[in-house]
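One-letter residues, chain by chain:
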Amino acid sequence: MIIVFNTELIGVLFQGHADRPRCQWFIGVIVAPHGIDGVQIGRSDGAVSFQPNISFRTHEQQHIVGLWLGFHTVIEAALGADMVAYSESKELAEKGFLTSSCCPAFVTYIEKTFPQLLPLVSHNLSPMAAVSKYIKSREPNCKVIFIGPCTAKKAEVQRETVAPYVDVAMTFEELQALFDSKDIDIMTLSEGVLDNASYFGRIFARSGGLSDAVAQALKEQDIKDFELKPCACDGIEACRAALLKKSKDRLDANFIEGMACIGGCIGGAGCLTHGERNKAEVDKYGKEAYEKTITDAISMLK
């Protein structure tokens, strides 16, 4: 039997699935820098680990808040970023040129504006979809909920390549509404630790982080016959300029990191605040990671 802690939450998130008994669902959460990217994991043996010891003042506090809302397990989306960096670096070295595929708004922009460049888009899933696919392979009956700053994720989860792995995408604003509905004051909660991902997976959240992670993955895999020349695009206008140059064969780079939002994911429209983002804070959080290399982080998946 699969257990669900919070049937009210499940009823809200999975409207339209009333024909399925709620006891067949189990929920978990995936966490990303500057917020929660949620995936809840349901275990067929009914095992439950409930440790209310994390607050939301830091990047780790999402864990306990997620549990209080009815989630079972919190996982960093940055672990998916480690997975993507490792495989995308190999794909790049093999093909010689790629654009990133982790930002759904960037990929959609290519589809609509530069369709001739679609063959150059990486075949890798986004970090959200990559780690969710892994979770679904281990727990087929679980429900996966992504919670983050990106409104474009709502469209991404409807793609045929992603829909089997992610059930719901929510924003931080919607998460705050859940906090308010349960009278949860996150400032009163204690702190804990998340240790799913490496420094390089965590810095995916800011512009330039993906390129740094790909460079690290090439190094860790001892790929020496390929020289990385990245073009990190900070915002959709920078993306447009790079793609235009590539379409005219005038781009002096072999990897386009496309981030539609200024600053990267941390500048997403679904954030609770919309002031200037400090990339140094993302790097600081990254350096707190227990796993120091991408290889160390993804080795836990084997």
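Scroll up for the structure.
Residues numbered from 1 in each chain as written. Predicted model: local features only at pLDDT ≥ 70, side-chain atom pairs only at ≥ 80, totals over all residues. Heavy atoms only, no water.

**A few points about helix 3 (residues 77–95)**
In this model helix 3 runs 26 Å from its N-terminal to its C-terminal C-alpha over 19 residues, within 8% of the 27 Å that 1.5 Å per residue would give. Phi turns positive one or two residues past the end of helix 3, at Gly-96, with a value near 90 degrees. (Helix = DSSP H or I, 4+ residues; strand = E, 2+ residues; numbered from the N terminus. Expected span 1.5 Å × (residues − 1).)

**Observations regarding the nonpolar core**
Across soluble globular proteins, nonpolar side chains have a tendency to be buried as a group. The biggest cluster of nonpolar side chains holds 46 residues, and the ones touching the most others in it are Leu-79, Leu-92, Val-166, Phe-204, Val-214, Leu-228 and Phe-255. Of all the secondary structure elements, the ones that give two or more residues to this core are helix 3, helix 5 (127–138), strand 6 (143–148), helix 8 (199–202), helix 9 (209–220), strand 9 (255–259) and helix 12 (294–299). Here the element with the most residues in this core is helix 3; it accounts for eight residues. Setting aside anything within four residues of it in sequence, one finds Leu-79 in contact with Val-131, Asn-196, Ala-197, Ala-297 and Leu-301. Within the second largest apolar cluster, 18 residues are counted, among which are Phe-97, Val-107, Ile-110 and Ala-260. (Core = buried A, V, L, I, M, F, W, Y, C linked by side-chain atoms within 4.5 Å. Buried < 20%, exposed > 50% of the residue type's maximum accessible area, 1.4 Å probe, protein only. Contact = heavy atoms within 4.5 Å.)

**Brief notes about unusual backbone geometry**
The backbone of Asp-222 sits at a positive phi, close to 55 degrees, despite the residue not being glycine. With respect to the helices, strands and loops of the structure, Asp-222 is situated in the loop between helix 9 and strand 8 (230–234). In this structure, Asp-249 is a non-glycine residue whose phi angle is positive, near 60 degrees. Looking at the element boundaries, Asp-249 is found in the loop between helix 10 (236–247) and strand 9.

**Comments concerning helix 9**
Across its 12 residues, helix 9 extends 16 Å between first and last C-alpha, which sits within 8% of the 16 Å expected from 1.5 Å per residue. Inspection of helix 9 places Gly-209, Leu-210, Ser-211, Ala-213, Val-214, Gln-216, Ala-217 and Leu-218 among the buried residues, and these make up the whole buried set. If you follow the buried residues of helix 9, they end up packed against helix 3, helix 8, strand 8, strand 9 and helix 12. Directly beyond the C-terminal end of helix 9, a positive phi value near 55 degrees is found at Asp-222.

**Digging into the side chain of Asn-196**
The residue Asn-196 is located in the loop between helix 7 (172–181) and helix 8 in this model. The exposure class of Asn-196 is buried, given its relative accessible area of 16%.

**Quick look at the pairing of strand 9**
In terms of residue burial, strand 9 counts as a mostly covered element, since five of its five residues are buried. Residues Phe-255, Glu-257 and Met-259 point to one face of strand 9 and Ile-256 and Gly-258 to the other, with burial holding for every one of them. Assessed by its sense of winding, the connection that carries the chain from strand 8 through helix 10 to strand 9 is right-handed. (Right-handed = clockwise from strand over helix to strand, strands pointing away.)

**A look at the sheet that holds strand 5 (residues 98–99)**
The strands that make up a sheet pair up through hydrogen bonds in the backbone, lying either parallel or antiparallel. Judged by pairing direction, the sheet is parallel, and its three strands sit side by side in the order 5-9-8 without closing on themselves. Bordering the open sheet on either side are strand 5 and strand 8, each of which pairs with just one other strand. In terms of strand pairing, strand 5 meets strand 9 through two bridges, oriented parallel. By the bridge assignment, Thr-99 is partnered in strand 9 with Ile-256. (Pairing = 2+ DSSP bridges.)

**What about the side chain of Ser-211?**
Checked against the element boundaries, Ser-211 lands in helix 9. Taking relative accessible area as the criterion, Ser-211 reaches 5% and is therefore assigned buried. Beyond its immediate chain neighbours, meaning those up to four positions away, Ser-211 contacts Leu-228, Pro-230, Ala-232, Phe-255 and Glu-257.

Don't take any of this as a statement about function, it's just geometry.
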